[in-house]
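# Breakdown of the fold
What follows is the residue order along each chain.
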Amino acid sequence: MATDAKTIRVIGAAEHNLKSVSLSIPRDEFVVITGVSGSGKSSLAFDTIFAEGQRKYMESLSSYARQFLNQMDKPNVESIEGLPPTIAIAQRSSGHNPRSTVATTTEIYDYLRLLMARCATPRCWHLSSKGEVCGLPIQSTTVTQIIDVLMSFKTGTRMMICAPVVTGKKGYHRTVLESLRSEGFVRARVNGGIVDLREVLLNESDNPLGLGRYEMHTIEAVIDRIVIDEDQRERIADSVEVAVKLGEGSLLVLEEDGSHWKEHVYSEHFACSKHPECNLPELEPRLFSFNSHYGACRKCDGLGSVHEFDPALIIPDHTVPLNKGAIVPWHAYGPAMRRKYGRKIRKFCDMHGIDTTTTFGELNKKQRMMLVEGGSPKGSRAKFEGVIPNLQRRFKQTESDHVRSWLMTCMTHMQCPSCLGERLRIEARSVTVESTGRHYSITQLTSLTIAELLDVVNAIELTSEQSAIAEPILKEIKSRLTFLVSVGLDYLSLNRTSSTLSGGESQRIRLATQVGSGLVGVCYVLDEPTIGLHARDNERLLKTLHHLSTIGNTVLVVEHDEEIIRSADHIVDVGPHAGLHGGNIVCQGSLAKILKHKQSLTSKYLNGSLTIPSPDKRRGVSFVDAISISKAIQNNLKQVDVELPLNVLTCITGVSGSGKSSLVNQVLLKQVTRVMKGETIDSSLCASVKGIEHIDRLIEVDQSPIGRTPRSNPATYTGI
Ligand SMILES: [Zn+2]
Ligand SMILES: [Zn+2]
Ligand SMILES: [Zn+2]
């Protein structure tokens, strides 16, 4: 065994049941480590080779960096030479971030954020009173561009250059007018009408303009009155500069058009030309991250849901009279409270001229709204606090845990009303890219499946300027998506939470990230990547593993699967049996060499001299005591009805993504666990589950690794 740069040399490995074995593993090849369960394959691949790789990596760090990491014990091995940096791609990684999704794990989300910030168009999110979204593209214009636009009007056009100073604000605004006057401005435009500031300010009252107290007012300072002419360019430029400065980036130009003035709004910021209040700073990738305070929805902090008072819990019965306890939290807490809130209800009814025996169901829409949310009836100054604002105030003010927990019985987790569960602030959700004739926001992109997103990205429409910027970003996105499609994950949606993926799915997703990273000179260690993979998808996985080794990585795979073993460049057979009777290298080499080996069990299975016998007598299957699930709808399950016979071994199979894991882990397991704890079934998963009374206990045997502490054994682990 000569050491050269092309081998990893393990000497005296004695971790767990390994019998102080030494071996050389070729580098930059696809190597399968196989053997019966418990033979020591994982002890060699993970607990020796990967563990030593990690430890060497830590040693290479500065002592400063090391203090933040856990001390790693040296594995029980004399030495390992020629070991490149190691990366383990296990079935389950520890410490799942509950917010991580397919898009974030694969880094596709990071590239989408970059794409949205560099190459997408923000659109105005202004909502009309009819509920229509404005949708105009939001653009920024430089001062020079604004001047050029003005100079392009017909010579002789009369214009007023104005600067917005008050936009839709209540108040009399006397101080605003005074400060404009003191800065030397003569005229202002107030709610669309021109006024002379000198004349107005002669009136010494607080409200010189006679403005309505409760109405919104808009005031612009008139900077200059101009006539478009090439000779006037310098003067116009000066006025535009002054206006943009006073208007904090915005500018209103009034063009004389017969008897009235036509409005043109320009902005140095990104702002809608019709709705200057819909503006945003320059687009940055962090705007599209709900994990950053900058991008997160203000209402729910990026969670997508809020814990709020629920009208359905506050007024559960619409047929109860208002004075007889229709509003539960205003009634159910004792007589003193009933008197206090009885007065409030009387006040509400007086305001509307209705009887206190009216039921909630008899109120009209406006009255209901006012009772729940508060407000004043039209034309009245009387104010009513509203049930929800009242409860919110009490919730905030109370010092009693008892009252707080009692108030919480009227609250539910609801989809955030502001972002509708999309977690991002409105500005971010209004930035879109165009593809196949549709506009897509980043949340719409991530709600697509991997295959759908690839189609959208391939057909994305960009200007030539945008294309140049987008090209490297799109390349990264496409290569990751193409890979995910190639390992049979085309059906997953990008926003699927990582914790709901099957072990095989999440391993292949992490594999995709590695392939995307394009690293070379690395030793990848994988455990049973074929687990949960249908035979149809094996070939795609094999291609990937070969690709990783072809570009210059060592790929070490712990595997039983015959197809994978047969396609390996190099096979290491650990055994011959499990536990004490294993821990040796039975043989290693090419497939041809293994097949000729006399002692190798693996060889005997591969060359067909040993097979797993099918039982010749099958147990009778009875559906009398069966568990039946009806209308299961989790993930991609389409109202599935299934009957599972008891007291027999039942196998649930199908190609990757067909819904096996969803049916077993998310429907069957969750519902049975709930029923056994005495809870009702979760109706969002399926309509009903019958027959649970026939089983005493449910034991989940999943793919998460058994704790690697010396004292853990299969019995302590399963808790039997
Ligand atoms: Zn708009
Ligand atoms: Zn929200
Ligand atoms: Zn034995």
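Residues numbered from 1 in each chain as written. Chains lettered and ligands numbered in written order. Predicted model: local features only at pLDDT ≥ 70, side-chain atom pairs only at ≥ 80, totals over all residues. Heavy atoms only, no water.

So, on to the side chain of Glu505. Structurally, Glu505 can be placed in helix 18 (residues 503-517). Comment: no salt bridge for buried Glu505; closest opposite-charge side chain is Arg496, at 4.2 Å. Of note is the side chain of Glu505, whose polar atom sits 2.6 Å from the side chain of Tyr491. Apart from residues lying up to four places away in sequence, Glu505 is in contact with Leu489, Tyr491, Leu492, Arg496 and Gly657. (Helix = DSSP H or I, 4+ residues; strand = E, 2+ residues; numbered from the N terminus. Buried < 20%, exposed > 50% of the residue type's maximum accessible area, 1.4 Å probe, protein only. Lys, Arg positive; Asp, Glu negative; His and termini not counted. Salt bridge = Lys/Arg side-chain N within 4 Å of Asp/Glu carboxyl O. Polar contact = N/O pair within 3.5 Å; in protein donor to acceptor, adjacent residues only side chain to side chain. Contact = heavy atoms within 4.5 Å.)

Before going further, it helps to examine the domain arrangement of the protein chain. What the domain assignment lists for the protein chain is domain 1 (7-89 + 518-606), domain 2 (143-268), domain 3 (305-415) and domain 4 (622-720). Of note, the centres of domain 1 and domain 3, computed from C-alpha atoms alone, are 66 Å apart. (Domains from an automatic or database assignment.)

Okay, the sheet that holds strand 4 (residues 77-81) next. The strand order across the open sheet built from three strands is 2-1-4, with neighbouring strands paired in antiparallel fashion. Both outer strands of the open sheet, strand 2 (21-26) and strand 4, are each paired with one neighbouring strand and no more. Taking the axes of each pair of neighbouring strands and ignoring which way they run, one obtains an average angle of 5° across the sheet. Looking at chain direction, strand 1 (residues 7-13) and strand 2 are connected through five bridges and run antiparallel. Opposite Thr7, over in strand 2, you have Pro26 as the bridge partner. Most of the contacts of helix 1 (residues 41-59) go to strand 4, to which it runs at about 70°, and overall it touches strand 1, strand 2 and strand 4. (Pairing = 2+ DSSP bridges. Axes fitted to C-alpha atoms, helices over the stretch in contact; angles between N-to-C directions.)

Next up on the list: the coordination of the zinc ion (ligand 2). Protein coordination at the zinc ion (ligand 2) comes from Cys297 (SG), Cys300 (SG), Cys416 (SG) and Cys419 (SG), with a distance range of 2.3 Å. Considering all four donor atoms around the zinc ion (ligand 2), angles at the metal cover 106 to 112° and the coordination shape is tetrahedral. Between consecutive donor residues of the zinc ion (ligand 2), the sequence gaps follow C-x2-C-x115-C-x2-C. On the criterion of sequence distance, the pair formed by Cys300 in the loop between strand 14 (279-280) and strand 15 (305-309) and Cys419 in the loop between strand 16 (411-415) and helix 14 (426-429) is long-range, its members being 119 residues apart. For Cys419, a relative accessible area of 0% puts it in the buried group. (Donors = N, O, S within 2.8 Å, 3.2 Å for Na, K, Ca; no water. Tetrahedral: all angles 85-135°; square planar, octahedral: opposite > 155°, others 65-115°.)

Here the focus is the packing of helix 16 (residues 450-458) against helix 17 (residues 464-486). Their axes nearest at 9 Å, the elements helix 16 and helix 17 cross at an angle of 145°. Helix 17 is crossed by helix 16, and the crossing has left-handed handedness. Taking contact as the criterion, the partners of Ile450, Ala451, Leu453, Leu454, Val457 and Asn458 in helix 16 are, on helix 17, Leu474, Ile477, Lys478, Leu481, Thr482, Leu484 and Val485. Here the residues of the contact of helix 16 with helix 17 sort into ten nonpolar, two polar and one charged. (Left-handed = near helix turned anticlockwise from the far one by under 90°. Nonpolar A, V, L, I, M, F, W, Y, C, P; charged D, E, K, R; others polar.)

This part covers the packing of helix 12 (residues 387-397) against helix 13 (residues 401-408). With their axes 9 Å apart at the nearest point, helix 12 and helix 13 run at an angle of 145° to one another. Between helix 12 and helix 13 lies a crossing of left-handed hand. Where helix 12 approaches helix 13, its residues Leu391, Arg394 and Phe395 are matched on the opposing element by Arg404, Trp406, Leu407 and Met408.

This paragraph deals with the sheet that holds strand 21 (residues 554-558). In space, the six strands of this open sheet follow the order 5-20-21-3-22-23, with mixed pairing throughout. On the outer flanks of this sheet lie strand 5 (86-89) and strand 23 (584-589), each paired with one strand and no other. Taken pair by pair, the neighbouring strands of this sheet meet at an average axis angle of 20°, ignoring direction. Sheet contacts for helix 1: strand 3 (30-34), strand 5, strand 20 (523-527), strand 21, strand 22 (570-575) and strand 23; angle to strand 5, the most-contacted strand, approximately 135°.

Ranked by internal contacts, the top residues of the largest apolar core, which has 74 residues, are Leu115, Leu445 and Leu453. Beyond its immediate chain neighbours, meaning those up to four positions away, Leu453 contacts Ile108, Leu112, Leu445, Leu448, Leu481 and Leu494. Counting 33 residues, the second largest nonpolar core, distinct from the first, contains Ile147, Ile161, Val244 and Val253. (Core = buried A, V, L, I, M, F, W, Y, C linked by side-chain atoms within 4.5 Å.)

Under the counting rule described, the total for this entry stands at 22 salt bridges. With its nearest N and O atoms 3.4 Å apart, the salt bridge here joins Lys299 to Glu308. A single network of salt bridges, built from pairs that share partners, joins Glu52, Arg55, Glu59 and Lys74.

Okay, a negative patch on the surface next. Together, Glu234, Asp238, Glu241 and Glu268 give the surface a local cluster of negative charge. In this structure, Glu241 sits in helix 8 (residues 233-246). (Patch = residues over 30% accessible without salt bridge, like charges linked within 9 Å, V, L, I, M, F, W, Y side chains within 5 Å. Areas by Shrake-Rupley, 256 points an atom, 1.4 Å probe, with all protein chains shown as cover. Charge placed at Lys NZ, Arg CZ, Asp CG, Glu CD.)

Quick look at the state of the cysteines now. Overall, the coordinates contain zero disulfides when judged by the stated rule. Unpaired in terms of disulfides, Cys162 finds its nearest cysteine sulfur in Cys272, a separation of 19 Å. On the basis of relative accessible area, Cys162 is assigned to the buried category, the value being 0%. (Disulfide = S-S within 2.5 Å.)

Next up on the list: a positive patch on the surface. Together, Arg339, Lys340, Arg343 and Arg346 make up a region of like positive charge exposed at the surface. Relative to the helices and strands, Arg343 resides in helix 10 (residues 335-352).

Glycine aside, residues mostly have negative phi angles, and peptide bonds mostly take the trans form. Here the bond from Gly575 into Pro576 is cis, since omega is 5°, no more than 30 degrees from zero. Along the chain, Pro576 falls in the loop between strand 22 and strand 23. Positioned with a positive phi, Glu248 is a non-glycine residue whose angle comes to about 50°. Residue position: Glu248 is located in the loop between helix 8 and strand 11 (250-257). Overall, Glu248 belongs to the exposed group, its relative accessible area being 66%. A positive phi angle, near 45°, is found at Thr436, a position not held by glycine. Tracing the chain through its elements places Thr436 in the loop between strand 17 (431-435) and strand 18 (438-441).

Listed as buried for helix 5 (residues 143-151) are Val143, Ile146, Ile147, Leu150 and Met151. Burial along helix 5 is one-sided: seen end-on, the buried residues are contained in an arc of 135°. (Arc of directions from axis to C-beta.)

Now for the environment of Thr398. Along the chain, Thr398 turns up in the loop between helix 12 and helix 13. When the C-alpha positions of Thr398 and Arg187 are compared, they lie 52 Å apart, and in sequence the two are 211 residues distant. Residues contacting Thr398, with those up to four places away along its chain left out, are Val403 and Arg404. Here the side chain of Thr398 touches Ser400 through a polar contact of 3.1 Å, landing on its backbone nitrogen.

Per the counting criterion, the structure on display carries six aromatic pairs. Between the aromatic rings of Trp330 and Tyr341, the centroid separation amounts to 4.8 Å while the plane-to-plane angle is 20°, which identifies the pairing as stacked. One end of the pair, Trp330, is in the loop between helix 9 (311-314) and helix 10; the other, Tyr341, is in helix 10, and eleven residues separate them in sequence. Its relative accessible area of 2% is what places Trp330 among the buried residues. (Phe/Tyr/Trp six-rings, centres within 6.5 Å; stacked < 30°, edge-to-face > 60°.)

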